[in-house]
Each structure stands twice: as structure tokens, then as C-alpha cells.
Amino acid sequence: MKAQTLYDKLWYAHVVRQEADGTALIYIDRHLVHEVTSPQAFEGLKLAGRKLWRTASILAVADHNVPTTGRAQGITDPVSRLQVETLDSNCAEYGVSEFKMNDVRQGIVHVIGPEQGATLPGMTVVCGDSHTSTHGAFAALAFGIGTSEVEHVMATQCLLMKKTKAMRVVVDGTLGRGVTAKDIALAVIGKIGTAGGTGYSIEFAGSAIRALSMEGRMTLCNMAIEAGARAGMVAVDDNTINYLKGRPFAPNGEMWDKAVAYWHTLHSDEGAQFDQVVKFDAAQIKPQVTWGTSPEMVVAVDGRVPDPATMNDAVKRDAAERALKYMGLKANTPIAEIRIDKVFIGSCTNARIEDMRAAAVVAKGKHVAANVKLAMVVPGSGLVKLQAEREGLDKIFIAAGFEWREPGCSMCLAMNDDKLEPGERCASTSNRNFEGRQGQGGRTHLVSPEMAAAAAIAGHFVDTTKS
Amino acid sequence: MQKFTLLNGLVAPLDRANVDTDAIIPKQFLKSIKRSGFGPNLFDEWRYLDHGEPGRDNSGRSLNPDFVLNQPRYQGAQILLARENFGCGSSREHAPWALEDYGFRAIIATSFADIFFNNCFKNGLLPIRLAAEQVDELFKAVAAHVGYKLAIDLAQQTISVPDGKVYKFEVEAFRKHCLLNGLDDIGLTLQHVDEIKTYEVKHRAAQPWLFA
């Protein structure tokens, strides 16, 4: 048989039927649902008198609108509250499993899926959320969909789609001190661009990827969408299996052994052909900081804000000029001299236990700089929060002047009360630095948890490889 | 879903790359539990000088005179002309809902982000990819002629410009069929219930832990 890529294996295992032009009906194993992109889908089902195809495939949680303080008072914004209540009532009506706001298992959908073992290798995983690519860290075919497709999966357990091209991003070697999965992600996007992965699924491979924890792999796959790829993925290895063992939704006993045997086949075969291969030397990757309003506008922390005048491409030059104006930055400013107003450590990219630990190591025994108005740590789930508290991380953060919050999407997209004011500059561990993303007029610099914590302490970005 | 067959519409140019879905419809409007009514808040942060909130009456808000869609010559535009990677970022279908609600029926760009591209077809909105040079030509033509219109024929896969030139464009056969006929995807898929059930039995036998 022809050597297959991991993507090939996942794809062909889920084809129900195929049209003449290659459009296939793909079976979906796991459907994650949140409050923002599901109400219209439930309404559509109701209007058409349709039922859920397989209720047990769905796991729901409210994460975008939930407050990160004062949970006992409920949600004060009536519009946000209605959206969360609509999810609650839809789940109750259709018998869908839901972790409600005050359930300890509640959290960001892309944190809780893997945490519960609801994401398993070999699955197709979808959610009305672009960062569903996160789950590909488990050798699942996972991608974000729109609300019409949410309804389509609810009603048919399938999606209509075409096979993408396959890209392999190979990162070999050892990461330097202070360099993380987030820096790999940003360096990849900086090289291939935010449209570089459009039309592709990306497999991350190489010794540096194998050396990453599952948390690190999730961070990397999470940002595949920021490179334009709907899906990112990593082959199964012992890290994958060890992470999943004993999780509530994972199989056990004989079924576990049978599953593990299958999961070990989930890797690209020797000699499998990719449409594109991009290589990186891990040792050459430095801590990354974005300077503009697109994740591809990124440089190493020891670099400078680029000068649009040196750019030959008119569209790129125009975008860079617009970005510098919005960001309130001057060309050639050293990145380490950029002073910040706020710090956000959280999001589906970087709010897992390992991220909390990494930031706490930097913050321990230090204090947030006087020019930093707010430094907040928002764990990705109630269980991450609990684990961090068991390890005393909350006390380290609070002693250092950080706020320790309740889990949710929070200031990644500022749908709740956590947002930047116009002109405020933020070191953020989230995934998007778009204009207005963290609040209208807010200025976002995407960084790793280590860099965010270091910037909070210093009041500006810091070359973490030198400290 | 509304059909798309022929469109002879006014073109509005949005000359920037990487227009993301946060810009197309900012997050505060995603709190709505409805599919309609997003048009007045399309490009809200670029279009208005003040901050918009859901439920607020937009008629009295101050418009940003520098934003292209606010210029009198582009009022009533049905075709949006854009650059590369249009619709990147969030999967929010509120973006095509807002574009459609505003009055756009087609978007011509160098490239589109995958999820946005897909979402357009579910809402009777036609996204058309043209080569960068062709998009450049169109930006120049729109700037040079007030009231510049294009005629799009989906069946023929052509865009005709006023001087008679015709651009061909690609569209997948299945998507084209659905758009031309205004077909509901779910209805189509449910014609294959037996095949889905057969697959499910086979899949369950191979990976029983997925159904535990």
C-alpha cells in the first residue's frame, strides 16, 4: 500500500461517501459546543423539526462570555447572560452533556476537551471555533467550523468537505533556554505567513516536537489556524498515551489496550509524500514578540520593530504602516524597549497547567512593575485552577501582584468584562493581535507565558535567553 | 438558502490585506442569539467614530468619513473587492451574515481564509478568487470610474467588466450546484441516511471506544 501521511489516515478512516468532484461526506466523532456559535444552530434544528444524530458525541461548555471574577453573582451583562442561559436551556432540552459555569470541570472548550479525555487520537473533532485545531495535538483531525456546519453536524453527524493538501513542518534540534512551543508557533507563522497554510493541514514533526509535552503540542496546533491551516496535528507517541490514561472520557480496561494498539498506527508512514515541507532548526528559534496587527508581524525579542520603508511589496508596506500607526510604535524601536500597560496570561493557547507553572517560575519572589496597571492570570479550566492552587502557584502570582481569576476565554477576545482600554498595550499569551481584538483601540503583543510574566515584572519585554 | 445565479452590482473596494473576521464583525455583536441584523455593525470599528454595542440604535452614530463604505459613491454596493487572506481569524459565521445583511452578494479577493470561504457558501454569498494582477486591475478600474459595476454569472463562471473584458473564475462543482439552486446542505446530506448508518456500524466495530 502507498505510504500515507497521518492526515491521509485520519481522512480515509472517516469518509462516508464521495461526490464526483471530490467533495466527501466526513463522519464526525466528537462535537464540542460553546455558547457563541451554537444558538442559531439549535434554533435551525428546531425550525426544521430535526433531531440530534448522536447526542453522546456532543460536549458543551460556556467559556467566551463567563466572568472571571465574582462568579457567585452570575453574569451581570444581560446580553451575555442570555447567551449562556440559551446554551443551558438548549442542552437541557436536547439532553446534551454540559459543564455549567460553576462546575469545577468548566473551562475553555479547547482546554477541557483533552483534559477530560473527550479528545482522543484518531477522532474527527469539530467545534464552532477556529482554535479547534488545538485537538490535533492528539493525532485527531480537528478543525473549526461555522454555525451552519454546527447545525449540519448536529443533524447528520457528518460534514461536507474536500481533502486539503498536506504540509509538514519539521522542527529538529533542541530549543534554547526560555524558548517555548509558543515561540515555535510564532516563528512558523512569521516564516510562512498567516495565509501560508491556507488549503493545507499541517503536521508538526521532528525531534523538537517529539520533545514537547502535550501542553506544548496543544499550543502549537492551536496556532495552526493563525498560519491559515484549519487543522494542525502531531503523531501519537508515549506522551500522547500517558496524558490520556485515566481521563474520565478515555476508554479503560481491555478497551484501552485495544485503543492504544490502534493509536500507535497514527503517524505518517516512512516515505509518505507531503505537498509542502518546511524545516526549522530549533536552536535558531528565539523568544518571539509580535509588533503588529497580524500574527505574522513578529520578530525575535532581541530584534527591532521593522521599517516599512524597507519593504518592497506595496500591500505589505501599506499593512505595516497601518499596523505601526495602530500600535503606536516607531520603526526600528528595539523590542525590549517597548513598555506595556497590561499583561494577560491565559486563553486556549496558553492556559494549561504547564503554562501556569512556567509563568510562576518567572514571577516567584518578584513584583509586577509600577507601570503595569493590571497583570492577570486566567487558568484554562476549573481543574487547571485547582491543580495550580494545590501547587501553590496562585500564592506566587498574588504575592507578585498578579490577579488570579476564574477560568474562561477572558481577555483573549474580550467578550466579557476583561478588556483593554483604547491605547493600552498588552503582553498577551493569546493567539490574535488583530485591531480591537482585546478591546477597541487595544494594542496586543503575542508572547509566551514566560515572556508575559517577565514583561510584567520588568514593565517591558525582556530577552529571556539572557536572564 | 437564497440562490445565486446572476448579479450585476456596484463594486466597493476595501484595499487592505488580511481583513480578519474580528474587523468584519467585532466580538460584542456575537452575543446575539439570532442570525440576522448584523449589517448595521459590519466593520463597526472602522465604519463609526464611536464604540458600538449590541442593541444600540446605530442611526445616530457618527460615521468615519475616511472609511470607504461610507463614501456616497459606494452606497448600495453588492460586490466587495478585497486583497489576500480575506476573512482570516475567527470561525464566526456572523461575518458572512453581516456582509450579506449589509447587502453584499459577492466578494472578489486574491485569496480567502478557509473557514470564512466555506461559511460564505452556506449563506448565498459568492467568494471569488482572482489572480493578484486581475485584482489590481479591478482596484484601478473601480477608483477611476464612479458607479463601477461588474456582472457576475455563476453558471458561466464569468465576471464581465463594463469595457467588455471577461474574467473566468473557478468554483467547485458541488458548491456551484448548491448555490445555483439555493440547496440546503442538511437536506442533501439526509438523502444519504442509509450510507451514514452503514458507515457508523463499521466505524463502531473498528473503534468501539468512540461509542462507549
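Below: a short report on this structure. (Residues numbered from 1 in each chain as written. Chains lettered and ligands numbered in written order. Predicted model: local features only at pLDDT ≥ 70, side-chain atom pairs only at ≥ 80, totals over all residues. Heavy atoms only, no water.)

Some remarks on the overall build of chain A
Then step 1. Helix and strand counts for chain A stand at 15 helices and 19 strands.
Then step 2. Its C-alpha atoms give chain A a radius of gyration of 21 Å, within 12% of the compact-globule value 23 Å for 467 residues.
Then step 3. Its C-alpha atoms give chain A principal-axis dimensions of roughly 55 × 55 × 45 Å.
Then step 4. With 467 residues in all, chain A has 67% of them scored as buried.
Then step 5. With an accessible surface of roughly 15600 Å², chain A has 50% of that area assigned to carbon and sulfur atoms. (Helix = DSSP H or I, 4+ residues; strand = E, 2+ residues; numbered from the N terminus. Rg over C-alpha atoms; globule rule 2.2 N^0.38 Å. Buried < 20%, exposed > 50% of the residue type's maximum accessible area, 1.4 Å probe, protein only. Areas by Shrake-Rupley, 256 points an atom, 1.4 Å probe, with all protein chains shown as cover.)

Some details on the overall build of chain B
Then step 1. Along chain B, the regular secondary structure elements total eight helices and seven strands.
Then step 2. Here the C-alpha coordinates of chain B stretch approximately 65 × 45 × 25 Å along the principal axes.
Then step 3. Expressed as a percentage of its 212 residues, the buried residues of chain B come to 59%.
Then step 4. Counting only contacts in chain B whose residues sit at least 6 apart along the sequence, the fraction spanning at least 24 positions is 64%.
Then step 5. For chain B, the computed accessible surface area is about 8400 Å², with 51% contributed by carbon and sulfur atoms. (Contact = heavy atoms within 4.5 Å.)

Quick word on the interface of chain B and chain A
Then step 1. In this assembly, 58 residues from chain B lie in contact with 78 residues from chain A.
Then step 2. Approximately 5700 Å² of surface area, both sides summed, lies buried where chain B meets chain A, with 56% of it carried by carbon and sulfur atoms.
Then step 3. In this structure, the connection of chain B to chain A is made through 33 residue pairs in polar contact (both at pLDDT 80 or more).
Then step 4. The set of elements that each furnish at least two residues to the side of chain B that touches chain A consists of helix H2 (44–47), helix H3 (94–102), helix H4 (114–121), helix H6 (173–181), helix H7 (185–189) and helix H8 (193–206) of chain B.
Then step 5. Of the residues forming the side of chain B that touches chain A, the biggest block, eight residues, is contributed by H8(B). (Buried area = accessible area lost by both parts, 1.4 Å probe. Polar contact = N/O pair within 3.5 Å; in protein donor to acceptor, adjacent residues only side chain to side chain.)

Some details on the nonpolar core
Then step 1. If you look at the biggest cluster of nonpolar residues, it comprises 112 residues, and the most contacted ones within it are A:Phe402, A:Phe461, B:Phe43, B:Phe86 and B:Leu99.
Then step 2. When sequence neighbours within four positions are dropped, the list of residues in contact with A:Phe402 reads A:Ile345, A:Ala363, A:Val368, A:Ala375, A:Val377, A:Phe397, A:Ala453, A:Ala456 and A:Ile457.
Then step 3. By size, the runner-up hydrophobic cluster in this structure holds 109 residues, among which are A:Cys158, A:Ile184, A:Ala185 and B:Tyr199. (Core = buried A, V, L, I, M, F, W, Y, C linked by side-chain atoms within 4.5 Å.)

Digging into the sheet that holds strand E4 (residues 58–61) of chain A
Residue and element names in this part refer to chain A.
Then step 1. The parallel open sheet is built from five strands, whose spatial order is E5-E4-E3-E6-E7. Either end of the sheet is taken by a strand with one partner, and the two such strands are strand E5 (97–99) and strand E7 (141–144). The mean angle between the axes of side-by-side strands here comes to 20 degrees, regardless of whether they run parallel or antiparallel.
Then step 2. Relative to E7, strand E6 (residues 124–127) is paired through four bridges, and the arrangement is parallel. The partner of Thr124 across the bridge, within E7, is Leu141. (Pairing = 2+ DSSP bridges. Axes fitted to C-alpha atoms, helices over the stretch in contact; angles between N-to-C directions.)

Things to note about the sheet that holds strand E9 (residues 165–172) of chain A
Residue and element names in this part refer to chain A.
Then step 1. Taken together, four strands build an open sheet; the order of strands is E11-E10-E9-E12 and the sheet is parallel. Each having just a single partner strand, strand E11 (231–233) and strand E12 (276–281) make up the two edges of the open sheet. On average, each strand axis in the sheet is inclined to that of its neighbour by 20 degrees, with strand direction left out of account.
Then step 2. Two elements, E9 and strand E10 (residues 200–205), share six bridges in a ladder whose sense is parallel. In the strand pairing of E10, Lys165 is matched with Tyr200.

Digging into helix H10 (residues 253–263) of chain A
All names here are of chain A.
Then step 1. All of the buried residues in H10 are Trp256, Ala259, Val260 and Trp263. Buried positions in H10, seen along its axis, are confined to an arc of 100 degrees and lie on one side of it. Opposite the buried face of H10, at more than 90 degrees from it, the exposed residues are Glu254 and Asp257.
Then step 2. Those residues of H10 that are buried lie in contact with helix H9 (238–244). (Arc of directions from axis to C-beta.)

So, the packing of H3(B) against H4(B)
All names here are of chain B.
Then step 1. Viewed as axis vectors pointing N to C, H3 and H4 meet at an angle of 50 degrees, and their least axial separation amounts to 9 Å. In this view, H3 runs oblique relative to H4, as classed from their interaxial angle. Note that H3 runs across H4; the crossing there is right-handed. Along its contact with H3, which presents Ala95, Pro96 and Leu99, the element H4 presents Phe116, Asn119 and Cys120.
Then step 2. Of the residues assigned to the contact of H3 with H4, the class counts are five nonpolar, one polar and no charged. (Parallel < 35°, antiparallel > 145°, perpendicular 65-115°, else oblique. Left-handed = near helix turned anticlockwise from the far one by under 90°. Nonpolar A, V, L, I, M, F, W, Y, C, P; charged D, E, K, R; others polar.)

As for the pattern of salt bridges
Between side chains of opposite charge, a pair can form when the charged atoms approach closely.
Then step 1. Under the criterion given, the structure shown has 37 salt bridges over all chains.
Then step 2. Each of B:Asp44, B:Asp50, B:Arg56 and B:Arg61 takes part in one network of salt bridges that share partners. (Salt bridge = Lys/Arg side-chain N within 4 Å of Asp/Glu carboxyl O.)

Focus on the packing of aromatic side chains
Then step 1. Inspection of the entire model under this criterion finds 19 aromatic pairs over all chains.
Then step 2. Between A:Tyr7 and A:Trp11, the aromatic rings sit 6.2 Å apart at their centres with planes inclined by 35 degrees, giving tilted as the arrangement. Residue A:Tyr7 and its partner A:Trp11 are both found in helix H1 (residues 6–12); the two are separated by four residues, about one turn of the helix.
Then step 3. Relative to B:Trp97, the ring of B:Phe38 has its centre 6.0 Å away and its plane inclined at 25 degrees; by these criteria the two rings are stacked. Of this pair, B:Phe38 sits in the loop between helix H1 (21–24) and H2 while B:Trp97 is found in helix H3, placing the two residues 59 residues apart along the sequence.
Then step 4. Under the relative-accessibility criterion, B:Phe38 is labelled buried at 4%.
Then step 5. One aromatic cluster is present, built from ring pairs that chain together B:Phe86, B:Phe112, B:Phe116, B:Phe117 and B:Phe121.
Then step 6. The side chain of A:Arg247 reaches across the aromatic face of A:Tyr243, ending 3.9 Å from its centre. (Phe/Tyr/Trp six-rings, centres within 6.5 Å; stacked < 30°, edge-to-face > 60°. Lys NZ or Arg CZ within 6 Å of the ring centre and 35° of its normal.)

Remarks on the pairing of strand E1 (residues 6–13) of chain B
Residue and element names in this part refer to chain B.
Then step 1. With six of its eight residues buried, E1 lies for the most part within the structure.
Then step 2. Where E1 meets strand E5 (residues 149–153), five bridges bridge the pair, whose relative direction is antiparallel. Residue pairing for E5: Leu10 is matched across the bridge by Lys149.

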